[in-house]
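# Observations on the three-dimensional arrangement
Listed below, chain by chain, are the residues.
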Amino acid sequence: MKVLDIALKDMLRSFRSGFALVMMFVAPLLITGIIYAAFGGMGGDGGFDLPLTRVQVVNLDQPGPQYSFAFGQMLVGFLQDEGLANLLQVTEATDETDARVAVDNQDAGVAIIIPPDFTTAALAPDGRASITLYQDPTLTLGPGIVKGVVSQFVDGFAGTKIASGVVADQLGQRGVAIDASLMQGIAMQYGAWAEGLGQGWDEGAHPLLEIQLPPTKAEPVSQETSIFGAIMAGMVIFFAFFTGASTAETIILEDEAGTLARLFTTPTPRAVILGGKFAASFMTLIVQVVVLMLASAIIFRIHWGEPLAVSLVALGLVVAAAGLGVFIMSFLKSTRQAGPVMGTVLTLSGMVGGLFTTGIPNLPATYGTINLLTPHGWVLRGWKLVLAGGGVSDVLLPALITLGMGIVFFVIGAFIFRKRFA
Amino acid sequence: MRVIDLALKDLLQIVRDWKSAFFLVVMPILFTLFFGAIFGSSAEGDPRLPVGFVSHDESDALSTSLYTLLEASDAIRPVVLEGDDADSATDSVRDGDLAGAVIVPPGFGERVLAGEGPRLTVVVDQNTPSGQTASSAVQAAVNRLLGAVETARLSAEAFEAQQGFESEAARRTYLDETLALASEAWLQPPLTVAVEQSGAQAGEGEELSANVYTQSSPGMIVQFVVFGLNTSAMVLVLERKSRTLQRLLTTPITRTQVIAGHVLAMFIVVFLQQLLYVAFGQLAFGVDYMREPLAILLVMVTLALWVSSLGLLIGAAAKSEDQVMMWALMAMFVFSAMGGAWFPLDVTGKTFAAIGHLMPTAWAMDGFQNIVLRGLGLSSVLLPAGILLAYAVAFFGLAVWRFRFE
């Protein structure tokens, strides 16, 4: 009962502190919320609403009188198509220098410069030409989209040209007479095929590709769960370890204030007092983790996964965070030391454990191994598995390891504290 | 003179507290090094996204052509997977070790050339940016492969119509040869798209050092000068709690001088922090801040003015040490993340980007990036510096209005 009294007193203290509340609940939700707003939550339909990329197109293409096509003008028309209006804001510039200056002055994100010989190069047998994209180097997504769109268009003509050239070479080598009508027929057939391929692609059907989602142990996960689940998990873990350490700090705080010495004069055994402190940390962490998970499920629509597996991973986190908190504090002499040491140890272990890089894809494989040197890394692994649809059997190993780590940390920390207050 | 004395006292107090070294120097450098190491090792050698390539169609020319076309992509690099790695390719995509995986089915080449249309399996999570990039790059390469197949088919038809093949084997040899030629031609297509980056006023022959740190280094500067306020704003709160501020008023020093002294100390701390981070970025990461020293100095000074005004506001609003830490953290999260210090605003949604650009930190990022990324000169930082100055005045006014000596 005394354990509970001590624990409830410490919990009350934590939940009355504005700073503790901010660090427990506001900060992790705020950080994930900002990232959510940036990458997913501000579109009209809840989807991602890309900013328009301002494009200046300079069409210098001057097809000779012998050509009935003007491919440069076709590209301009393609870029100004209504289908691209939600991605690109295209204006025509008459002068290359003006377009480049517009990009330099940030009046445009990308300038597309169609060279004077574009049509000629596309139709003449040995012609070569290159369209230049002049882009603002601070932009990444917009120029990437422009490059994809222009490349798709250019590949259509390049393919026709390659087809004509290769067919002419192959037939010529075998002594077949090549005339203009034969080559025109090849070019037209290829052009029709490329057009059909493009249309099929636009309608979501590709003749050669079957796009599959990576496998999950359960049902496919949503975009919110896939992206923001991992980010939120990193935040929950980081701030849970912070809570574990700061609630354990009350031992030092009470020691400095003299209230711990007073407690020792009462008939309460020291093991009960330390047990109460640990219980406070444990219960505070349970409240924190549950509130954060519920809030993020509602706000960010994160589906955390199978309840039993999630509970196991969450239990591992709570025990590890509480244990590490007692362990860290057992080495400290004063609250003056506590802030920076806590900051350093938790920040470093969070970094090594991979908590700040959950949103970065395709990190080096060795980094994934290094993550597992810390309890944070094991908790994160368990959490990633439940987010991907893993069940109890999948998360058993990381959960058991974090539980084990937490217990070992607590036992060592409690031993040091008992020795210190003996 | 009194203002300087007071500022020097604050500086001494900050320097003597060993926590300052951690918050102002160690932590920012650790973070910059950490993210530098992460992004640096990702970009090391081949910065393209890794995509697994599993071929169940052994000794087939078409899957070899596909591999070559994927290898030619500037967005992805194919990683050949065999044995156990091939079996776990899809798990590697799920775990984020690969951006995607292309699985070539048995008899792929034969069936494609026969017009049967077998399908390549592409395992990719299109809900992620890297998955979308990988998916687009694979589609572009596959379209080129299909173009080569169509070329071979058209060529064989034309030859058949003109001369005819002696046997099915001769037809197949012709198809394979044509396919190889067309695939090779796609490696250097006659019509291409070339990308040039703007670097408007960079001098003749001057190479801008665009690297992975040109976003992260200015971002870290902006983030940690705001976070560093937890030390300098703390001085104010401690003085108020210990009634030193009230005692100061019994001396001939004026209220304006007291505020000016504290702001001056904060300004010096923030400016020195920036000097340290700029030097670190220049020397350790090759971010060329010093190509326009005057412009960088102007951004640093105006950023320091705004941040010290924010520090004064925090010092005026906070009632305890905990509150200083809390407000400094909140300011860091909101101003850094929304102002483009954590990720470029152009990759965010339309509304977020518009709101983000209202932040003073976004203008500080603009100022730094105009120099280190866009290669612009002094005139390019006048607007960002002017806006930072306006924010500094507004925050300073607010702080003075809220300031209490008791």
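Residues numbered from 1 in each chain as written. Chains lettered and ligands numbered in written order. Predicted model: local features only at pLDDT ≥ 70, side-chain atom pairs only at ≥ 80, totals over all residues. Heavy atoms only, no water.

Our focus in this paragraph is the domain arrangement of chain A. Much of the literature gives interface size as the accessible area that the parts lose upon coming together. Splitting chain A by domain gives domain 1 (2-41 + 222-420) and domain 2 (53-197). On a C-alpha basis, the centroid separation for the pair domain 1 of chain A and domain 2 of chain A is 56 Å. (Domains from an automatic or database assignment.)

Contacts between the two partners involve 104 residues from chain A, matched on the other side by 102 residues from chain B. Across the chain A to chain B interface the summed buried area is about 9,000 Å²; carbon plus sulfur atoms make up 66%. On inspection of chain A and its partner chain B, the count reaches five salt bridges. In this assembly, chain A and chain B are joined by 25 residue pairs in polar contact (both at pLDDT 80 or more). (Contact = heavy atoms within 4.5 Å. Buried area = accessible area lost by both parts, 1.4 Å probe. Salt bridge = Lys/Arg side-chain N within 4 Å of Asp/Glu carboxyl O. Polar contact = N/O pair within 3.5 Å; in protein donor to acceptor, adjacent residues only side chain to side chain.)

Turning to the packing of helix α1 (residues 2-16) of chain B against helix α12 (residues 255-285) of chain B, a few remarks are in order. All names here are of chain B. Contact pair α1 / α12: the axes reach a minimum separation of 8 Å and the direction vectors enclose 50°. Here α1 lies oblique to α12, going by the angle between them. Taken as a pair, α1 and α12 cross one another with a handedness that is right-handed. Across the interface between the two elements, Arg2, Val3, Ile4, Leu6, Ala7, Lys9, Asp10, Leu11 and Ile14 of α1 pack against Gln257, Val258, Ala260, Gly261, His262, Leu264, Ala265, Ile268 and Val269 of α12. Of the residues belonging to the contact of α1 with α12, the class tally is 12 nonpolar, three polar and three charged. (Axes fitted to C-alpha atoms, helices over the stretch in contact; angles between N-to-C directions. Helix = DSSP H or I, 4+ residues; strand = E, 2+ residues; numbered from the N terminus. Parallel < 35°, antiparallel > 145°, perpendicular 65-115°, else oblique. Left-handed = near helix turned anticlockwise from the far one by under 90°. Nonpolar A, V, L, I, M, F, W, Y, C, P; charged D, E, K, R; others polar.)

If you walk across this open sheet you meet the five strands as β5(A)-β4(B)-β3(B)-β1(B)-β2(B), and the pairing is mixed. Across the chains shown, the open sheet's two edge strands, defined by having one partner strand only, are β5 (209-212) of chain A together with β2 (76-80) of chain B. On average, adjacent strands in this sheet sit at an angle of 25° to one another, irrespective of strand direction. (Pairing = 2+ DSSP bridges.)

Residue and element names in this part refer to chain B. With five of five residues buried, strand β3 (residues 100-104) is to be regarded as a mostly interior element. Side chains Gly100, Val102 and Val104 of β3 all project onto a buried face; the interleaved residues Ala101 and Ile103 project onto the opposite face, where all are buried too. One ladder, built from five bridges, connects strand β1 (residues 49-55) with β3; its direction is parallel. Its bridge partner lying in β3, Gly52 is registered against Ala101. One ladder, built from three bridges, connects β3 with strand β4 (residues 120-123); its direction is antiparallel. If you follow Ile103 over to β4, its bridge partner there is Thr121. (Buried < 20%, exposed > 50% of the residue type's maximum accessible area, 1.4 Å probe, protein only.)

Going through the model one piece at a time under the given rule, you end up with 17 salt bridges over all chains. A salt bridge links Glu110(B) to Arg172(B); the shortest N-O distance between them is 2.8 Å. Of this pair, Glu110(B) sits in helix α6 (residues 108-113) while Arg172(B) sits in helix α8 (residues 168-187), placing them 62 residues apart in sequence. The class of Glu110(B) is partly exposed, set by a relative accessible area of 48%. Accessibility expressed as a relative area gives 22% for Arg172(B), which makes it partly exposed. Here the salt bridges do not stand alone but share partners, grouping Lys9(A), Asp10(A), Glu254(A) and Lys277(A) into one network.

It is worth spelling out the pairing of β4(B) at this point. Look at any regular strand and the pattern is simple: side chains alternate between the two faces of the sheet. Every second residue of β4(B) is oriented toward a common face, with Leu120(B) and Val122(B) on one face and Thr121(B) and Val123(B) on the other, all of them buried. Of the pairings in the sheet, the one linking β5(A) to β4(B) comprises four bridges and is parallel in character. In the sheet register, Gln212(A) faces β4(B), and the bridge partner there is Val123(B).

Now for the sheet that holds strand β2 (residues 88-93) of chain A. Taken in spatial order, the five strands of this open sheet run β2(A)-β1(A)-β3(A)-β4(A)-β5(B), and their pairing is mixed. Edge positions in the open sheet fall to β2 of chain A together with β5 (191-197) of chain B, since each of these has one partner strand only. When strand polarity is set aside, the average angle formed by the axes of neighbouring strands in this sheet is 25°. As defined by bridge partners, strand β3 (residues 110-114) of chain A adjoins strand β4 (residues 129-135) of chain A across four bridges and the pair is classed as antiparallel. Looking across to β4(A), one finds that Val110(A) is bridged to Gln135(A). Seen against the sheet, helix α3 (residues 71-79) of chain A touches β1 (53-59), β2, β3 and β4 of chain A and runs at an angle of roughly 165° to β1(A). Contacts from helix α6 (residues 141-173) of chain A reach β1, β2, β3 and β4 of chain A together with β5 of chain B, with the element oriented near 160° to β5(B).

Now for a nonpolar patch on the surface. A cluster of nonpolar side chains, contributed by Leu294(B), Leu297(B), Leu378(B) and Leu382(B), occupies part of the molecular surface with about 360 Å² of accessible area. Here Leu378(B) lies in the loop between α16 (360-372) and α17 (382-402). (Patch = residues over 30% accessible without salt bridge, like charges linked within 9 Å, V, L, I, M, F, W, Y side chains within 5 Å. Areas by Shrake-Rupley, 256 points an atom, 1.4 Å probe, with all protein chains shown as cover.)

All right, on to the packing of helix α1 (residues 2-16) of chain A against helix α10 (residues 270-299) of chain A then. Residue and element names in this part refer to chain A. The interhelical angle for the contact between α1 and α10, taken along N-to-C directions, is 50°, at an axis separation of 7 Å. Between α1 and α10, the crossing angle belongs to the class labelled oblique. The two elements α1 and α10 meet at a crossing, and its hand is right-handed. Where α1 approaches α10, its residues Lys2, Val3, Leu4, Ile6, Ala7, Lys9, Asp10, Met11, Ser14 and Phe15 are matched on the opposing element by Val272, Ile273, Gly275, Gly276, Lys277, Ala279, Ala280, Met283, Thr284 and Val287. Considered class by class, the residues forming the contact of α1 with α10 number 12 nonpolar, four polar and four charged.

Turning to a negative patch on the surface, a few remarks are in order. Where like charges cluster on the molecular surface, the negative patch consists of Glu82(B), Asp84(B), Asp85(B) and Asp87(B). Of note, Asp84(B) is situated in helix α4 (residues 83-87). (Lys, Arg positive; Asp, Glu negative; His and termini not counted. Charge placed at Lys NZ, Arg CZ, Asp CG, Glu CD.)

Helical periodicity: at 3.6 residues per turn, an α-helix aligns residues three or four positions apart in one direction. Residues and elements named next belong to chain B. Its 20 residues give α8 an end-to-end C-alpha distance of 29 Å, which sits within 8% of 28 Å, the value for a rise of 1.5 Å per residue. Those residues of α8 that sit buried are Tyr174, Leu175, Thr178, Leu179, Ala182, Ser183 and Trp186. Projected down its long axis, α8 shows its buried positions confined to an angular sector of 160°, all on one face. α8 presents Ala169 and Glu184 as exposed residues on the side facing more than 90 degrees away from its buried surface. (Expected span 1.5 Å × (residues − 1). Arc of directions from axis to C-beta.)

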